[in-house]
Amino acid sequence: MSVLPEPGAADPAHEDLIEQRPDEDEDELDGAGGRMSFLDHLDELRKRLIVAISSVFGGFLIAFAFIRPIFDFIMEPLQEILPEGGQLVYTEPTEAFFLYIKIAALVGLIISMPVVLLQLWRFVAPGLYGHEKKFAIPFVTLSSLFFIGGCLFAHYLLFPIAWRFLASYGNSNEYMTFMPRIQPAFSLYVRLVLACGAVFQMPTLVFFLARVGVVSAGFLLRNTKYAILLIFIFAAVLTPTGDPVTLSLMAAPMVALYALSIGIAWVVAPRRKKDDD
């Protein structure tokens, strides 16, 4: 017959398990995200959204104060493609006014992007380990630089080539004259700029995924052919025009960024292993 331990007595086997249990890692104690309630997460999200929206509105006011040179900077590539004497037209009384508002909103978003990204980082930071929280400055810096780089790529290269390709159909025959409305033309410009800004975040994303051990350079290299296929599918979805020229111009930098991401993952992974050791 087995003898049950007295209520106040400690089980020796249980004590051995307690002694063998490793101490909790300090990084696990730093991650407070698991201890936050659902309402706490909503309150934190509300605070971050207020700061991010306020920064975008502040950027909008700054851009609107200098709207004339900004307008000339954006309209220049559109005007250069038109035939001699051609101009962009608008058919609604409020169309030109709202164009200024949209340009200021776009530039305000680009100006405020570091603040927006910082608020995103601060929202997810409570759920990170202590050694991961120190990447706030690299995350904001790299993301902002790559986003601006993507916007500049769309402005100086992607949009002019796509715009010239689309305009060539009207200029190549005597039956049609290319007289684009300003609203659709600017909508195309905005979609290409924002799409390139988002696509250029790939190296930053791979950097942090490699740091936490989710991906490696070998994994990315082995799956290159699948990645290229997904890149062209993704480029086809992002490309608003659907023409092969714009699609190829969208996919080419994504392939180059994927190659850069492989190099970043290769550099980061050994460093992470050394730090862990």
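Since we're looking at a predicted model, the values are computed, not measured.

Turning our eyes to something else, we now look at the side chain of Q119. Within the secondary structure, Q119 sits in helix α6 (residues 113-124). Not counting chain neighbours up to four residues away, the residues in contact with Q119 comprise R48, V51 and A52.

Right, let's get into the state of the cysteines. Going through the model one piece at a time under the given rule, you end up with 0 disulfides. This cysteine, C196, is not joined by any disulfide, and C151 carries the nearest cysteine sulfur, 8.0 Å off.

Inspection of the entire model under this criterion finds 5 salt bridges. With a shortest N-O distance of 3.7 Å, R68 and D72 are connected by a salt bridge. Of the two residues, R68 and D72 both sit in helix α4 (residues 67-81), 4 residues apart, roughly one turn of that helix. Where salt bridges share partners, they join D43, R46 and K47 into one cluster.

Pairs of packed helices are described in terms of their axes, by the angle between the two and the distance that separates them. Packing of helix α3 (residues 38-65) against α6 brings their axes to within 9 Å, and their N-to-C directions diverge by 175 degrees. Comparing the axis directions of α3 and α6 gives the class roughly antiparallel. Residues H41, E44, L45, R48, V51, A52, S55 and V56 of α3 pack against V115, V116, Q119, R122 and F123 of α6. When grouped by side-chain class, the residues that make up the contact of α3 with α6 number 7 nonpolar, 3 polar and 3 charged.

So, on to helix α12 (residues 224-238). Its 15 residues give α12 an end-to-end C-alpha distance of 20 Å, which sits within 8% of 21 Å, the value for a rise of 1.5 Å per residue. Burial in α12 covers these residues: A227, I231 and A235. Viewed along the axis of α12, the buried residues span an arc of 75 degrees, placing them on a single side of the element. Residues of α12 that are exposed and point over 90 degrees away from its buried face: K225, L229, L230 and V237.

Taken over all residues, the pLDDT of the protein has a mean of 78, while the share at 70 or more is 78%. Per-element averaging of pLDDT across the protein places helix α1 (residues 12-20) at the bottom with 45 and helix α5 (residues 95-111) at the top with 92. Counting contacts from residues 12-33, a segment whose pLDDT is below 50, to residues more than four positions away or on other chains yields 17 contacts. For residues 271-277, every residue scores under 50 in pLDDT, and the model assigns this stretch 6 contacts once sequence neighbours within four places are set aside.

Cut-offs applied
Residues numbered from 1 in each chain as written. Predicted model: local features only at pLDDT ≥ 70, side-chain atom pairs only at ≥ 80, totals over all residues. Heavy atoms only, no water. Helix = DSSP H or I, 4+ residues; strand = E, 2+ residues; numbered from the N terminus. Contact = heavy atoms within 4.5 Å. Disulfide = S-S within 2.5 Å. Salt bridge = Lys/Arg side-chain N within 4 Å of Asp/Glu carboxyl O. Axes fitted to C-alpha atoms, helices over the stretch in contact; angles between N-to-C directions. Parallel < 35°, antiparallel > 145°, perpendicular 65-115°, else oblique. Nonpolar A, V, L, I, M, F, W, Y, C, P; charged D, E, K, R; others polar. Expected span 1.5 Å × (residues − 1). Buried < 20%, exposed > 50% of the residue type's maximum accessible area, 1.4 Å probe, protein only. Arc of directions from axis to C-beta. pLDDT = per-residue confidence, 0-100.

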